[in-house]
Amino acid sequence: MTQRAKIDHDGPERAGAAIDAGAELDPVHPVALPAPVFKPGGLSTAEVAERVARGDVNDVPVRSSRSTADIVRGNVFTRFNAIIGVLWVVMLFVAPIQDSLFGFVIIANTGIGIIQELRAKKTLDGLAVIGEAKPSVRRDGRTAGISTSEIVLDDVIELGPGDKVVVDGVVGEADGLEIDESLLTGEADPVLKKPGDQVMSGSFVVAGGGAFTATKVGREAYAAQLAEEASRFTLVHSELRSGISTILKYVTWMMIPTSIGLIISQLIVKDNNLKESIARTVGGIVPMIPEGLVLLTSVAFAIGVIRLGRKQCLVQELPAIEGLARVDVVCLDKTGTLTEGGMDVTELRPLGGTDPVYVKKVLGALGESDPRPNASLQAIIDAYPDSEEWRCTESLPFSSARKYSGASFSEGNGENNTWLLGAPDVLLPSGDPALEEINHLNEQGLRVLLLARSALELDDPHVATGVRPTALVVLEQRLRPDAADTLRYFDDQNVHAKVISGDNAVSVSAVAGKLGLPGAENTVDARGLPTEQAAMAEELDRNAVFGRVTPQQKRDMVGALQSRGHTVAMTGDGVNDVLALKDADIGVSMGSGSEATRAVAQIVLLNNSFATLPSVVAEGRRVIGNITRVATLFLTKTVYSVLLAILVVCSQVEYPFLPRHLTLLSTLTIGVPAFFLALAPNKERAKPHFVKRVMRYAIPGGTVAAVATFATYLVARSHYTGEGALEAETSAATLTLFLTSMWVLAIIARPYTWWRVGLVGAMGLGFLVVLVVPWLQTFFQLKLVGTTMPWAAVGIAAAAAALIEFGFRWVDRKFPA
């Protein structure tokens, strides 16, 4: 082949002249500016160095994660760290060191949070480099892939199907170049670009190829201006984080008046001992703060990122882990997801007595006419390499909307023919006898392309009308060996899989059937789908396999499923999946997918393995399910701390606890067990209404614990008299509160496994050690006096535990979530 398209006939001189005739419009000043002269060979090394020295470089930072400074700032400078920090400094001056232990715990917690986030950042940044797009740039007459940050002003950048436009520019070469600007403008129809036309960063190529000159780089580029104020991690809604923020807001409102009342009451009651009154006031304020909940959420997310990173899964937006845990419908593109990217030609069937040798020449020429062949055309190129010196006079790249590609050739014998290669059921009328033969092949899961001759010019909009069938090309797709197990996993987890493909519906159904997809026999040709959203949603709920789906229909189908309340994940690797990936709740792209799909997806499977998805879903469920569990522990403590403070204020008695007591209780009943429970396996699908689900347990649990503890304290006040009475009263109240909190922990730890039972047992043993070891008794100021009151404390705790058990079960029935 000597030439590939019309633009090549004119040569670079004509192409450059075409651009000179055009003009670039400055959006701020509506004055025509001369467009740059297109240099087919690109810039020289010296010209690149000159632009780098001037600072004309595409220096927009690619943020795959928060910066180190942001991580440290986000973990250290929090509202509750500020409150606790002030209280800690006060305690260091007025009380023994054991009453300041809570401050050291916060330092340790903050340090753990920073270390885990930095580890996650290292993982994310490393994966982002692996998955980074490498645009093809011409320099010194050669083409090479470089990082987007290395592009300079006036660079010549090549484009092909699926490529993302990374900077603004002006087209210099165009070979059927169609660009989708929907991510920028909302307009779904691709725009045909010719030399002299502008291209904007953030758009992507859907068909054809070409090259353009970079006219705006860095922060001047259109997409960079749009994204200047947006952080990549804020794009996906996180119900977990917003729920915790809501809870913390209400906690702050409760803390302020309660703390003021507690301070006043303790100063009045303990007017003869200022230091102890301050210590007991701080002891009442500190446990109101669920400080470990924020830390544990950050750690759980960070560890999730690290675990997924080890499996070559790049999480581009952290809350995507949470989103995928809530998914109940996953839409799968067949090619590249259920099947591997490559294909093999298994058979060539000439039609109407056509010479097979001639057909092979045509197929070889068609392969040579497309510089960026898709998987189907690449299989044809491998089977029938071009050896003829036919001249390509015009080419039409493949488009997923058209379902065919084409080329016109001067065949060397004076003949000029136009050939089309694409979907038989699109190129042939519905009653054509060849379709029956094709249907039998599709039922075997084979992919069939029709080679047809057209009597019309290639640029005629009706070129596919009345074509003459010449041959059938039968392709075999390679099934992913792990796809069947992955589909089985989704079925077991009650996640409905929908196969949405642009291929023939019968062929897609056969592939899905081979992989054991439930409902594979329910196949729908998307050309017959209703356009009205409610009717489309009904069809989608009823069926599992859809063929001949256009890119716009994929997007509409995602919207229809979401209208039924489904949380939808969409997988894909081709440019035809971009719109659907963007609209889905969670977009999942293959690492080998087009730049455009990787750019809009929240999760990128860098190893191109569909089998990684169950790990992502499981990780999300583990994080969300466990955080919901342990949040109940933290907020139960907040509820009983606030209620105890209110009861103390109303009763005008001394606050029963010092900070050291509640530090011990928090560590044994919440801190240590919550860390292990947050990292445990959890396969339950994440459910909505996080705040409601947590508070429906925390409020009754905390209320019962507070009332039981205060009751024990009042009984102990009437039982003990004389010197050391307050210490004995505190010890009895601490015993009740510990046992009651342990029962809440025992409920949260269900269903029991050997390690969960061991965890609860170890925490109980830890408290027992404190009660029996003399120096620990002194350190924590805990000593049970006599037998009557300690057993009374145990009895009250047992009654409280029974009440909590009954209350939790009643809540489950009355307020199911």
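Check the entry above for the structure.
Nothing here was measured: the structure is a model prediction, and the numbers come from that model.

What is the right way to read the overall build of the protein from this model?
Helices and strands together make up the secondary structure of the protein, namely 28 helices and 23 strands. Here the protein holds 817 residues, and 56% of them are scored as buried. Long-range pairs, those at least 24 residues apart, make up 72% of the contacts in the protein with a sequence separation of at least 6.

Quick question: what am I supposed to make of the environment of Glu521 here?
Here Glu521 lies in the loop between helix 17 (505-514) and strand 19 (523-525). Counting along the chain gives 23 residues from Glu521 to Ala544, while the straight-line C-alpha distance between them is 8.1 Å.

Would you mind going over the environment of Ala320 with me for this structure?
Residue position: Ala320 is located in helix 11 (residues 320-325). Under the relative-accessibility criterion, Ala320 is labelled buried at 0%. Placed 265 residues apart in sequence, Ala320 and Asp585 show a C-alpha to C-alpha distance of 8.7 Å.

Just to check I follow, could you spell out the pairing of strand 13 (residues 391-399) for this structure?
Where strand 13 and strand 14 (residues 404-410) come together, six bridges link them in antiparallel fashion. Within strand 14, the position partnered with Leu396 by the bridge is Gly406. In textbook terms, the turn of a hairpin is the stretch between consecutive antiparallel strands, and for strand 13 and strand 14 this stretch comprises four residues, one of which, Lys403, has a positive phi near 75 degrees.

Looking at this structure, how should I read the packing of helix 22 (residues 613-651) against helix 25 (residues 725-748)?
If you want to describe how two helices pack, look at the angle between their axes and the distance between the axes. At a minimum axis distance of 10 Å, the contact between helix 22 and helix 25 shows a crossing angle of 155 degrees. Our classification of the angle between helix 22 and helix 25 gives roughly antiparallel. Between helix 22 and helix 25 lies a crossing of right-handed hand. On the side of helix 22, the interface is formed by Arg629, Thr632, Leu633, Thr636 and Tyr640, while helix 25 contributes Leu737, Ser741, Val744, Leu745 and Ile748.

I tried to follow the environment of Cys650 on my own but got confused; where do I start?
Mapping Cys650 onto the fold places it in helix 22. Remark: the alpha-carbon pair of Cys650 and Ser265, spanning 385 residues in sequence, is separated by 8.8 Å.

Is there a simple way to think about helix 23 (residues 659-678) in this case?
One turn of the α-helix equals 3.6 residues, which is why residues spaced by three or four share an orientation. Of all bends in helix 23, the biggest is about 50 degrees, found at Thr667. Helix 23 sits mainly inside the fold: 15 of its 20 residues count as buried.

Help me out: how do you make sense of a nonpolar patch on the surface in this one?
A contiguous nonpolar surface patch, about 590 Å² in accessible area, is contributed by Val89, Leu92, Phe93, Ile97, Phe104 and Ile107. Among the elements that make up the nonpolar patch, the one with the highest residue count is helix 4 (residues 79-94) (three residues). Here Phe104 lies in helix 5 (residues 101-131).

Please explain the sheet that holds strand 22 (residues 586-590) as it appears in this structure.
The strands that make up a sheet are held in pairs by hydrogen bonds between backbone atoms, and each pair lies either parallel or antiparallel. The eight strands are arranged 10-23-22-21-11-18-20-19 in an open sheet whose pairing can be described as mixed. The sheet terminates laterally at strand 10 (313-315) and strand 19, the two strands that pair on one side only. Ignoring which end each strand starts from, the neighbouring axes of this sheet average 20 degrees apart. One ladder, built from four bridges, connects strand 11 (residues 329-332) with strand 18 (residues 496-500); its direction is parallel. Pairing of Val330 across the sheet is with Ala497, part of strand 18. The sheet strands contacting helix 19 (residues 551-563) are strand 11, strand 18, strand 20 (545-547) and strand 21 (568-572), and the helix crosses strand 21 at an angle near 160 degrees.

Explain empty space enclosed by the protein to me, please; I cannot follow it from the model alone.
The gaps of empty space that remain are located by a probe, the size of a water molecule, rolled over the atoms. Overall, the coordinates contain one cavity of 30 Å³ or more when judged by the stated rule. Approximately 50 Å³ is the volume attributed to the largest cavity. Leu633, Thr636, Lys637, Tyr640, Thr669, Ile670, Ser741 and Val744 are the residues that line the largest cavity. Breaking the lining of the largest cavity down by element, the ones donating at least two residues are helix 22, helix 23 and helix 25. No other element matches helix 22, which puts four residues into the lining of the largest cavity. Across the lining of the largest cavity, the residue classes break down as four nonpolar, three polar and one charged.

Even after reading the chapter, I still don't get the packing of helix 25 against helix 28 (residues 788-814), so can you show me in this structure?
Interhelical geometry of helix 25 versus helix 28 gives an angle of 30 degrees and a closest axis separation of 8 Å. Our classification of the angle between helix 25 and helix 28 gives roughly parallel. Of the two possible hands of crossing, helix 25 and helix 28 adopt the one that is right-handed. Here Ala732, Leu735, Thr736, Leu739, Thr740, Trp743, Val744 and Ile747 of helix 25 come into contact with helix 28, specifically with Met789, Pro790, Ala793, Val794, Ile796, Ala797, Ala800, Ala801, Ile804, Glu805 and Phe808.

How do you make sense of the side chain of Gln777 when you look at a structure like this?
Considering the arrangement of structural elements, one finds Gln777 in helix 27 (residues 774-780). Given the relative accessible area of 18%, Gln777 is considered buried. Of the polar contacts made by the side chain of Gln777, one reaches the backbone oxygen of Leu771; its length is 2.4 Å. Ignoring anything within four residues of it in the chain, the contact list for Gln777 reads Val770, Leu771, Val772, Leu782 and Lys783.

Even after reading the chapter, I still don't get the pattern of salt bridges, so can you show me in this structure?
When their charged atoms lie close together, side chains carrying opposite charge are able to pair. For the coordinates displayed, the defined rule picks out 28 salt bridges. Residue Arg349 pairs with Glu437 through a salt bridge whose shortest N-O separation is 2.7 Å. With Arg349 in strand 12 (residues 339-350) and Glu437 in helix 15 (residues 434-443), this residue pair connects regions lying 88 residues apart in the sequence. What makes Arg349 partly exposed here is its relative accessible area of 24%. The closest approach of N and O atoms between Arg488 and Asp485, which form a salt bridge, is 2.6 Å. Of this pair, Arg488 and Asp485 are both found in helix 16 (residues 483-492), three residues apart, which corresponds to roughly one turn of the helix. Residue class for Arg488 comes out partly exposed when judged on its relative accessible area of 46%. Classification of Asp485 as partly exposed rests on a relative accessible area of 48%. Salt bridges here are not isolated pairs; linked through shared partners, they connect Asp425, Asp525, Arg527 and Arg548.

I'm lost on the nonpolar core in this one. Help?
Residues Leu324, Leu517, Ile603, Phe610 and Phe767 are the most contacted members of the largest nonpolar core, which totals 126 residues. In terms of residues, this core owes the most to one element, helix 22, which gives 16 residues. Apart from the residues within four sequence positions on either side, Leu324 is in contact with Ala569, Ile586, Ile603, Leu613, Val616 and Val617. In this structure, Met536, Ala537, Val568 and Val578 belong to the second largest nonpolar core, which totals 26 residues.

Is there a simple way to explain the packing of aromatic side chains in this structure?
In this description, a pair of aromatic rings is defined by centroid distance and the angle of the planes. A full pass over the atoms with the stated rule returns eleven aromatic pairs. Cluster of aromatic residues (ring-pair linked, three or more members): Tyr358, Trp390, Phe409 and Trp419. Over the ring of Tyr250 we find Lys249; its NZ or CZ atom is 5.8 Å from the centre of that ring.

Rules behind the numbers
Residues numbered from 1 in each chain as written. Predicted model: local features only at pLDDT ≥ 70, side-chain atom pairs only at ≥ 80, totals over all residues. Heavy atoms only, no water. Helix = DSSP H or I, 4+ residues; strand = E, 2+ residues; numbered from the N terminus. Buried < 20%, exposed > 50% of the residue type's maximum accessible area, 1.4 Å probe, protein only. Contact = heavy atoms within 4.5 Å. Pairing = 2+ DSSP bridges. Axes fitted to C-alpha atoms, helices over the stretch in contact; angles between N-to-C directions. Parallel < 35°, antiparallel > 145°, perpendicular 65-115°, else oblique. Left-handed = near helix turned anticlockwise from the far one by under 90°. Bend = angle between axes of the 7 residues up to and from the residue. Patch = residues over 30% accessible without salt bridge, like charges linked within 9 Å, V, L, I, M, F, W, Y side chains within 5 Å. Areas by Shrake-Rupley, 256 points an atom, 1.4 Å probe, with all protein chains shown as cover. Salt bridge = Lys/Arg side-chain N within 4 Å of Asp/Glu carboxyl O. 1 Å grid on protein atoms, 1.4 Å probe; cavity = no way out; pocket = protein on both sides within 12 Å on 5 of 7 lines; lining within 4 Å. Points joined across faces, edges and corners; volume = space filled by probe spheres on them. Nonpolar A, V, L, I, M, F, W, Y, C, P; charged D, E, K, R; others polar. Polar contact = N/O pair within 3.5 Å; in protein donor to acceptor, adjacent residues only side chain to side chain. Core = buried A, V, L, I, M, F, W, Y, C linked by side-chain atoms within 4.5 Å. Phe/Tyr/Trp six-rings, centres within 6.5 Å; stacked < 30°, edge-to-face > 60°. Lys NZ or Arg CZ within 6 Å of the ring centre and 35° of its normal.

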